[in-house]
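Coordinate analysis (summary)
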Amino acid sequence: MELQPEMHRWDVTPTEAVALQRQLKERVVLHPPAGLRVERIAGADVSTEKGNDTGFGGIVVLDAATLTPVAQAGSAVTLGFPYVPGLLSFRELPVVAVAWERLTVKPDVLIFDGHGIAHPRRLGIASHGGLLFGIPSIGCGKSLLVGTHGKLGEARGATSPITHKGEVVGMAVRTRKAVQPVYVSPGHLMDLPTAVELVLRASPKYREPETTRQAHRLVNALRRADGEAAELE
DNA sequence: GCGACAG
DNA sequence: ATCTTGTCGC
């Protein structure tokens, strides 16, 4: 099951988007493919501008062992959906999808800046993106959308389960000593233990995974380059 | 009805 | 997310 460009249309209303999420969540698989080998791990991100409706997307693929970039792709797409908490994927995935199509070297796992199943309807951008691209995916957010968790130790590697409506939907993970944790949840073709392990492995030095940091760097560079080109008109 | 609310 | 300067701490 590869990319599914026609999974559904993107020009929908918020009400239709919610209905699509309820339907799509049934397809999410919460365990990794048998014998998954993570040699390449990637990060996806989108950057937007204040007085503009253009979204700059990007994906950076890293060697999982060295966390060195091996491939990348960017995109600039007009945003067709507003930011609505719980419907982030309808705003950002169309942008990420263009970058994904341009990516010549595909990763084994894709980490999104946002949540997976730690979502009101269990279909955050990581789960939706994993389904769309047919790839194992992980959600790694900087703040919670839903759920609560207990206190966690100060050491790097400390964790505490995120619970929502009686279900464990993710894990608060301390990637740096005495620094606010990140919130990890499975996207698609992924389970929580593996997601936590991969995020920790990808975050040896900073709070956020190197995948997310590199993708963030790429999309911001694209946005600034576009802004400077516009000034010379 | 009120508060919360990824990026 | 973006708009913005300086500032506290390792």
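Our structure's up above, just so we're on the same page.
Residues numbered from 1 in each chain as written. Chains lettered and ligands numbered in written order. Predicted model: local features only at pLDDT ≥ 70, side-chain atom pairs only at ≥ 80, totals over all residues. Heavy atoms only, no water.

1. Overview of the pairing of strand β7 (residues 159–164)
So the rule is basically this: For two strands to pair, DSSP has to find at least two bridges joining them. Numbering of helices and strands runs from the N terminus; a helix is a DSSP stretch of H or I covering at least four residues, while a strand is a stretch of E covering at least two.
Where strand β6 (residues 148–149) lies against β7, two bridges are found, and the strand directions are antiparallel. Looking at the pairing, Thr148 lines up with Thr163 of β7. In terms of strand pairing, β7 meets strand β8 (residues 167–173) through six bridges, oriented antiparallel. Within the sheet, the bridge partner assigned to Ser160 lies in β8 and is Ala172. Where β7 folds back onto β8 in an antiparallel hairpin, the turn is made up of two residues, including Lys165, whose phi is positive at roughly 50°.

2. A short note on the packing of aromatic side chains
Stated formally: For Phe, Tyr and Trp, where Trp contributes only its six-membered ring, two rings pair if their centres lie within 6.5 Å, and the inter-plane angle classes them as stacked under 30 degrees, edge-to-face over 60, or tilted in between. Between buried and exposed lies partly exposed: a residue is buried under 20% and exposed over 50% of the maximum accessible area for its type, with that area taken using a 1.4 Å probe on protein chains only. A ring has a charge above it when a Lys NZ or an Arg CZ is no more than 6 Å from the ring centre and no more than 35 degrees off the ring normal.
The full count for this structure, using the stated rule, is three aromatic pairs. Plain terms: the ring middles of Phe81 and Phe90 are 5.8 Å apart, the flat faces sit at 40° to each other, and that makes the pair tilted. Grouping residues by exposure puts Phe81 and Phe90 together as buried. Taken together, a centroid distance of 4.6 Å and an interplanar angle of 5° make the contact between Trp100 and Phe133 stacked. With Trp100 in helix α2 (residues 88–102) and Phe133 in helix α3 (residues 125–133), this residue pair connects regions lying 33 residues apart in the sequence. Counting every residue linked through ring pairs, the aromatic cluster contains Trp10, Phe81 and Phe90. One Lys or Arg, Lys106, reaches over the ring of Trp100 and ends 5.0 Å from the middle of that ring.

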